[in-house]
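# Chain and residue survey
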Amino acid sequence: MEYILQQSINALGWGSVMALLGAGYTMTFGIIGLVNFAHGEVLMAGAIAAYIAMSVLGLPFWVGVIASVAGSVAIGLIIERVCFKPVRNVGMITLFIVSLGASIILRNLSILTLGDQLKPFLVPDFFAGVFTFGNLYIFKKNIIIFSLTVIIGVTLATFVRKTKFGVAMRSVSYDSSLSQAMGINTEKIIVFTFILSSILCGIAAVFWGLLYGYVSSSIGVEVVVAAFIASVVGGIGNINGAIASGYILGIGGALFVAFLPPDLVGLRPLFLWLVFFLILFLKPSGLFRANIK
Amino acid sequence: MNNLKNHIRTKRASLLGIVIILVATMYFIDGYVSGFWKTLLMLFGINVIFAVSLNITNSWINFFSIGHGGIILAGIYFAAFFTLPPGFKNGIVHLHLPEYVLNTQWTLLPALLVGSLFGALVAVLLAFPALRLKSFYFCAGSLGFAIIVTNIAENIRSITNGPAGLWQFPAYTSIWWVWGIAAAIVYLILMLKKSAFGRALIAIGRDQDLAEHMGINLLKYKIIAFALSGFIATCGGILWVHLIRTVSPSTFGLTFMFDIVAMMVIGGMGSISGAVIGAGVITFFLEVLAPIEEGFTLFGLQIPPFLGFTTILLGILFIIVLIRKPEGIMGEKELSITAISRFLKKLIEDFGRSQ
């Protein structure tokens, strides 16, 4: 029991990264039906920007956070303008393979310019430290990341539910042409949604760096699948659902690995796909009711 | 009646002509082309096989699979158990296989058949998600399938030798094998496209529910389509591995699938001749630009290596094609002798009129 609890607490950090990514993913998924394979590359851009700001230029941590968010937003917007806008109405498969192409281009560009080695991410002293709680060890950074993610999630949910912009977002995702007829500037809403999801990516990139102490050009591939599955499990377009299922996947994955025989630990990615197929076969609408669409 | 007989006679004659030209070309390549260009031409043939196989699932029955890499990988490993030299299986890597398999070494043809049948079986596994999942959910599911297969191949070390992969494959592949099989497959699939079976598959792709109402057994046709596609793809894979002579689980990852999808999309989805053209364009593109990736000297100037450079260019080309000309070079049309001769006749007539 203690072992399970310990593993779950350790997985909170990774779960938070997935939750944030899943929330961003589910927003763009809901609004233009985009299965964005380049979402991981947006995270990578943020992480690389933070690395450059902090480790190369030696700027303080808060500048790194801003750089990360700015980098993510820049790349997210460029992808949206250049790649997705021209093919927005062609069909989901085309959007998907375009995003696949964009992801491959960005990843290889990053490897081309900066190399594929692990890049150190400076973790401020504030995040170091361990609390002991009986026999449990709780990393301070896990707790901070978890509580920040919860705050962000609640803010986001309130924003989408209460503000005028949020209502407009929901209406565009429900029926884009109808909401245009109602006088909503759909173009603006779509761009705004991309900015929002990129900001979440930027924050998740900082969390990733804090958790693992390194970033690299290929972190995008590792997380994008997890984010996609989190958004499917949570129900497409459902932000709270995506955040919750991010944690479910994170903790579930940690427990899955914990109970695997030691020589099969490499099978870790199987868990995500197992959940994916189970959910799609048994409950295709996701665990939580899709509240937008 | 006479007209029909004439038509059939011209068709047969042109087919014979194509076969003769093909054999002559192969003879020429086998005798007079060597090194880089020969490998390039063989890779072209193999890529034709890949692109054609992908056409069946991704375009005909319209289940966009990016998981064929998993099928190919499974088939290759299965065939590899039989064609690897016993010294390698027993001595260098110690695979835990049955006694008979360890001490045997087959020639290409039986290995090709057995491996491809195994690939077809694995492809049937991929067909099961296709019975349930729609459009891009299947797309993502097929990606998951490929990742699962890769993951398993990396982790059962006693059978697959883990991430290091296998090497010391015998160099079985020759231009005769590759082009012969590729030409046979292209011809058969072209015939299949015109048959009732092929039309049923295309009907499923256009509208699955309508096809079912017309009395097409979805379960049967989808499974056969996937098995056929898997068989062909694995065929290409086994030829590939006996040309390159080394394989590891990560070889057939997303980048590989992206190349094949690019061939299909640039050539034109649904068109077999488009797949051939696309395979030609992309193979040439990738292989000719490959030296740039490794770095070279130009007029005494050292150009540093650009890793992943061709992939970036291919990605940009691919996105431009998708945005500007989503139907690709051929669209859904096929090149045929009659169409070409009609086109030429029209050209000559136009030319005569303008004189």
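Residues numbered from 1 in each chain as written. Chains lettered and ligands numbered in written order. Predicted model: local features only at pLDDT ≥ 70, side-chain atom pairs only at ≥ 80, totals over all residues.

### With respect to the overall build of chain B
Spelled out, the test is: The way it works is that DSSP assigns letters per residue, a run of H or I at least four long becomes a helix, a run of E at least two long becomes a strand, and they are numbered from the N terminus. The size measure is the radius of gyration over C-alpha atoms, and the globule rule it meets is 2.2 Å times the number of residues to the 0.38 power. Whether a residue is buried, exposed or partly exposed follows from its count of other C-beta atoms within 10 Å of its own C-beta, namely 20 or more, 12 or fewer, or something in between, respectively; the C-beta atoms are built from the backbone. Placing a C-beta atom from the backbone of each residue, one calls two residues in contact when those atoms lie within 7 Å.
Scanning chain B for helices and strands turns up 16 helices and 4 strands. For 355 residues, the compact-globule estimate of 2.2 N^0.38 gives 20 Å, and chain B sits close to it at 22 Å. Across its three principal directions, the C-alpha atoms of chain B cover 75 × 65 × 40 Å. Relative to its 355 residues, chain B shows a buried fraction of 42%. Excluding contacts between residues fewer than 6 apart, the proportion of contacts in chain B whose partners are at least 24 apart in sequence is 79%.

### Things to note about the overall build of chain A
Helix and strand counts for chain A stand at 12 helices and 4 strands. Computed over C-alpha atoms, the radius of gyration of chain A comes to 19 Å, within 12% of the 19 Å expected from 2.2 N^0.38 for 293 residues, which places it in the range of a compact globule. Based on the C-alpha atoms only, the size of chain A along its principal axes is roughly 60 × 45 × 35 Å. Contacts in chain A between residues far apart in sequence, at least 24 positions, make up 77% of those at least 6 positions apart.

### With respect to the pairing of strand 2 (residues 130-133) of chain A
All names here are of chain A. For clarity, the threshold we go by: Think of it this way: DSSP has to see at least two bridges between two strands before they count as a pair.
In this structure, strand 2 lies alongside strand 3 (residues 136-139), joined through 4 bridges in antiparallel fashion. In the strand pairing of strand 3, Phe131 is matched with Ile138. The turn linking strand 2 back onto strand 3 is made up of 2 residues, and Gly134 within it adopts a positive phi angle of 65°.

### Overview of the packing of helix 13 (residues 254-267) of chain B against helix 15 (residues 309-324) of chain B
Residues and elements named next belong to chain B. Stated formally: Here, axes are lines fitted to C-alpha atoms. For helices the fit covers the stretch in contact, and angles between N-to-C directions go from 0 to 180 degrees. Each helix crossing is assigned a hand: it is left-handed if the near helix lies turned anticlockwise from the far helix by less than a right angle, otherwise right-handed if that turn is clockwise. For this classification, the nonpolar set comprises Ala, Val, Leu, Ile, Met, Phe, Trp, Tyr, Cys and Pro, the charged set comprises Asp, Glu, Lys and Arg, and every other residue, Gly included, is treated as polar.
Remark: helix 13 packs on helix 15, axes separated minimally by 10 Å, with the N-to-C direction vectors making an angle of 35°. Crossing hand, helix 13 versus helix 15: left-handed. Across the interface between the two elements, Thr255, Asp259, Ala262, Val265 and Ile266 of helix 13 pack against Thr311, Leu314, Phe318, Val321 and Leu322 of helix 15. Tallied by class, the residues present in the contact of helix 13 with helix 15 amount to 7 nonpolar, 2 polar and 1 charged.

### Focus on the nonpolar core
The line we're drawing: Definition of nonpolar core: a set of buried Ala, Val, Leu, Ile, Met, Phe, Trp, Tyr and Cys residues joined via C-beta atoms within 7 Å.
Counting 190 residues, the largest nonpolar core has A:Leu21, A:Leu43, A:Ala47, A:Ala204, A:Ile229, B:Ile49 and B:Ala51 as the members making the most contacts within it. Element by element, the count of residues in this core is highest for helix 9 (residues 186-212) of chain A, at 15 residues. Sequence-distant contacts of A:Ala204, defined by excluding residues within four places in its chain, comprise A:Val17, A:Leu20, A:Leu21 and A:Leu43.

### Description of the interface of chain A and chain B
Contacts between chain A and chain B engage 31 residues on the former and 31 residues on the latter. Mapped by element, the contributors of at least two residues to the side of chain A that touches chain B are helix 5 (92-114) and helix 12 (268-282) of chain A. Among the elements that line the side of chain A that touches chain B, the one with the most residues is helix 5 of chain A, at 15 residues. Within the side of chain A that touches chain B, the residues separate by chemical class into 27 nonpolar, 4 polar and no charged.

### Notes on unusual backbone geometry
Residues and elements named next belong to chain B. Although it is not a glycine, Asn62 adopts a positive phi angle of roughly 60°. The backbone phi angle of Arg245 is positive, close to 70°, even though this residue is not glycine. Secondary-structure assignment places Arg245 in the loop between helix 12 (218-244) and strand 2 (246-247). Residue Arg245 is classed as partly exposed on the basis of its 15 C-beta neighbours within 10 Å.

### Focus on the packing of helix 1 (residues 2-10) of chain A against helix 11 (residues 239-258) of chain A
All names here are of chain A. Let me state the cut-off plainly: To sort the angles, those under 35 degrees are grouped as roughly parallel, those over 145 as roughly antiparallel, those from 65 to 115 as roughly perpendicular, and the leftovers as oblique.
Where helix 1 contacts helix 11, the axes come no closer than 8 Å and their chain directions differ by 130°. By the criterion of interaxial angle, the relationship of helix 1 to helix 11 is oblique. In terms of crossing hand, the pair formed by helix 1 and helix 11 is right-handed. Contacts from Ile4, Gln7, Ser8 and Asn10 of helix 1 reach helix 11 at Ile251, Ala254, Leu255 and Ala258. Residues that form the contact of helix 1 with helix 11 fall into these classes: 5 nonpolar, 3 polar and no charged.

### Regarding the confidence of the model for chain B
This is how the line gets drawn: Known as pLDDT, the predictor's confidence for each residue is given on a scale from 0 to 100.
When pLDDT is averaged along chain B, the result is 87, and 95% of the positions lie at 70 or above. Both scores are available for the predicted complex, with the pTM at 0.90 and the ipTM at 0.86.

### Details of helix 1 (residues 2-32) of chain B
Owing to its 3.6 residues per turn, the α-helix brings residues three or four apart onto one side. Just so we agree on the cut-off: Take the residue count of a helix, subtract one, and multiply by 1.5 Å to get its expected span.
Look at helix 1 of chain B: 44 Å from first C-alpha to last across 31 residues, which is about the 45 Å you get at 1.5 Å a residue. For helix 1 of chain B, the buried fraction is low: 1 of the 31 residues fall into the buried class.

### Some details on the environment of A:Trp14
Residues and elements named next belong to chain A. Relative to the elements of secondary structure, Trp14 occurs in helix 2 (residues 12-32). Residue Trp14 is classed as buried on the basis of its C-beta count, with 24 C-beta atoms lying within 10 Å. Through-space distance from the C-alpha of Trp14 to that of Leu211 is 7.6 Å; in sequence the pair is 197 residues apart.

### What about the environment of B:Ser135?
Structurally, the position occupied by B:Ser135 is in helix 7 (residues 135-155). Residue class for B:Ser135 comes out partly exposed when judged on the 16 C-beta atoms lying within 10 Å of it. Residues B:Ser135 and B:Leu112 lie 23 residues apart in sequence; the distance between their C-alpha atoms is 32 Å. In contact with B:Ser135, other than residues within four places in its own chain, are A:Met92 and A:Ile93.

### Observations regarding the environment of B:Ile185
Residues and elements named next belong to chain B. Structurally, the position occupied by Ile185 is in helix 9 (residues 175-194). Residue Ile185 is classed as buried on the basis of its C-beta count, with 20 C-beta atoms lying within 10 Å. Sequence spacing of Ile185 and Ser53 is 132 residues, and the spatial spacing of their C-alpha atoms is 9.1 Å. Contacts of Ile185, omitting those with residues within four sequence positions, involve Ile49, Val52 and Ile232.

### Here we look at the confidence of the model for chain A
Of all residues in chain A, 98% attain a pLDDT of 70 or more, and the chain-wide mean is 88. Within chain A, strand 2 of chain A has the poorest average pLDDT of any element, 82, and helix 4 (residues 61-84) of chain A the best, 94.

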